[in-house]
Amino acid sequence: GGKELLLMVSNDGFSCAHAAAFNGHVEALRVLWELGGKELLFIPAKIGGFSCVHAAAVSGQIETLRVLCEMGGKELLLMVSNDGFSCAHAAAFNGHVEALRVLWELGGKELLFIPAKIGGFSCVHAAAVSGQIETLRVLCEMGGKELLL
């Protein structure tokens, strides 16, 4: 029981924080943080190493991204998967423009410029490979042409 129960993960390695973040359940995240502490927010998924911030970014949960940053700080926003993909990659690939704007506001250019470990794949690559035209425009707006190079 107790904290041990909160820190349990599914077969994929997803924590209850991943589930709450993906579905935008901000109040559940606040309770989980209160009971499980910061440690719970930093559990990477066993498969891929994705964080709960990745889960929120993939599904475009804007308020959830703000709350996760409030609880886990910039350090949580800068977590990358096993392959080096950031939450900005996740939001860009899925075309979540408003989520990218929030990530830029909270994590700055540093977050946008994280290259993946495999081939230096940027968040611009992520948007381009999935055909996210508006996302490409917004990324250029936020990161400038240097993000495109």
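Here is what the cut-offs are and how they apply
Residues numbered from 1 in each chain as written. Predicted model: local features only at pLDDT ≥ 70, side-chain atom pairs only at ≥ 80, totals over all residues. Heavy atoms only, no water. Axes fitted to C-alpha atoms, helices over the stretch in contact; angles between N-to-C directions. Helix = DSSP H or I, 4+ residues; strand = E, 2+ residues; numbered from the N terminus. Parallel < 35°, antiparallel > 145°, perpendicular 65-115°, else oblique. Left-handed = near helix turned anticlockwise from the far one by under 90°. Contact = heavy atoms within 4.5 Å. Salt bridge = Lys/Arg side-chain N within 4 Å of Asp/Glu carboxyl O. Buried < 20%, exposed > 50% of the residue type's maximum accessible area, 1.4 Å probe, protein only. 1 Å grid on protein atoms, 1.4 Å probe; cavity = no way out; pocket = protein on both sides within 12 Å on 5 of 7 lines; lining within 4 Å. Points joined across faces, edges and corners; volume = space filled by probe spheres on them. Nonpolar A, V, L, I, M, F, W, Y, C, P; charged D, E, K, R; others polar. Expected span 1.5 Å × (residues − 1). Bend = angle between axes of the 7 residues up to and from the residue. Arc of directions from axis to C-beta.

## A closer look at the packing of helix 3 (residues 26-36) against helix 6 (residues 62-77)
Packed helices, taken two at a time, are described by the angle their axes make and the gap between the axes. Contact geometry for helix 3 and helix 6: axes closest at 10 Å, N-to-C directions at 15°. Here helix 3 lies roughly parallel to helix 6, going by the angle between them. As for the relative orientation of helix 3 and helix 6, their crossing is right-handed in sense. Two secondary-structure elements touch here, helix 3 through V26, L29, R30 and W33 and helix 6 through E63, T64, V67, L68, E70 and M71.

## So, the pattern of salt bridges
By the definition in use, this model includes eight salt bridges. Measuring nitrogen to oxygen at the nearest pair gives 3.1 Å for the salt bridge that ties E110 to K74. You can see E110 sitting in helix 8 (residues 97-112) and its partner K74 sitting in helix 6, a full 36 residues away along the chain. Judged by relative accessible area, which is 36%, K74 ranks as partly exposed. One connected set of salt bridges, linked through shared partners, spans E27, R30 and E70.

## Some remarks on the environment of S86
Mapping S86 onto the fold places it in the loop between helix 6 and helix 7 (87-93). Sequence spacing of S86 and S122 is 36 residues, and the spatial spacing of their C-alpha atoms is 9.1 Å. Contacts of S86, omitting those with residues within four sequence positions, involve H54, M79, V80, L111 and I114.

## Things to note about the layout of surface pockets
Size it by volume and the largest pocket reaches roughly 180 Å³. F50, H54, V58, F85 and A90 are the residues nearest the centre of the largest pocket, which is lined by 13 residues in total. If you list the elements that add at least two residues to the lining of the largest pocket, you get helix 5 (52-58) and helix 7. Tallied by class, residues from the lining of the largest pocket come to nine nonpolar, four polar and no charged.

## Digging into helix 8
Over its 16 residues, helix 8 runs only 13 Å from end to end, short of the ideal 22 Å by more than 12%, given 1.5 Å per residue. Of all the bends found along helix 8, the most pronounced is centred on L106 and spans about 95°. Next to the buried residues of helix 8 lie helix 5, helix 6, helix 7, helix 9 (123-129), helix 10 (133-143) and helix 11 (145-148).

## Brief notes about the environment of F50
Mapped onto the elements of the fold, F50 is located in the loop between helix 4 (38-41) and helix 5. Between the alpha carbons of F50 and E141 there is a distance of 27 Å; along the sequence they are 91 residues apart. Among all residues touching F50, those that are not within four sequence positions of it are H18, I43, P44, A45 and S81.

## Observations concerning helix 10
Of the residues making up helix 10, those classed as buried are T135, V138, L139, M142 and G143. Considered in projection along helix 10, the buried side chains sweep an arc of 110° and stay on one side of the axis. Among the exposed residues of helix 10, those pointing more than 90 degrees away from its buried face are R137 and E141. Considering only its buried residues, helix 10 is in contact with helix 7, helix 8, helix 9 and helix 11.

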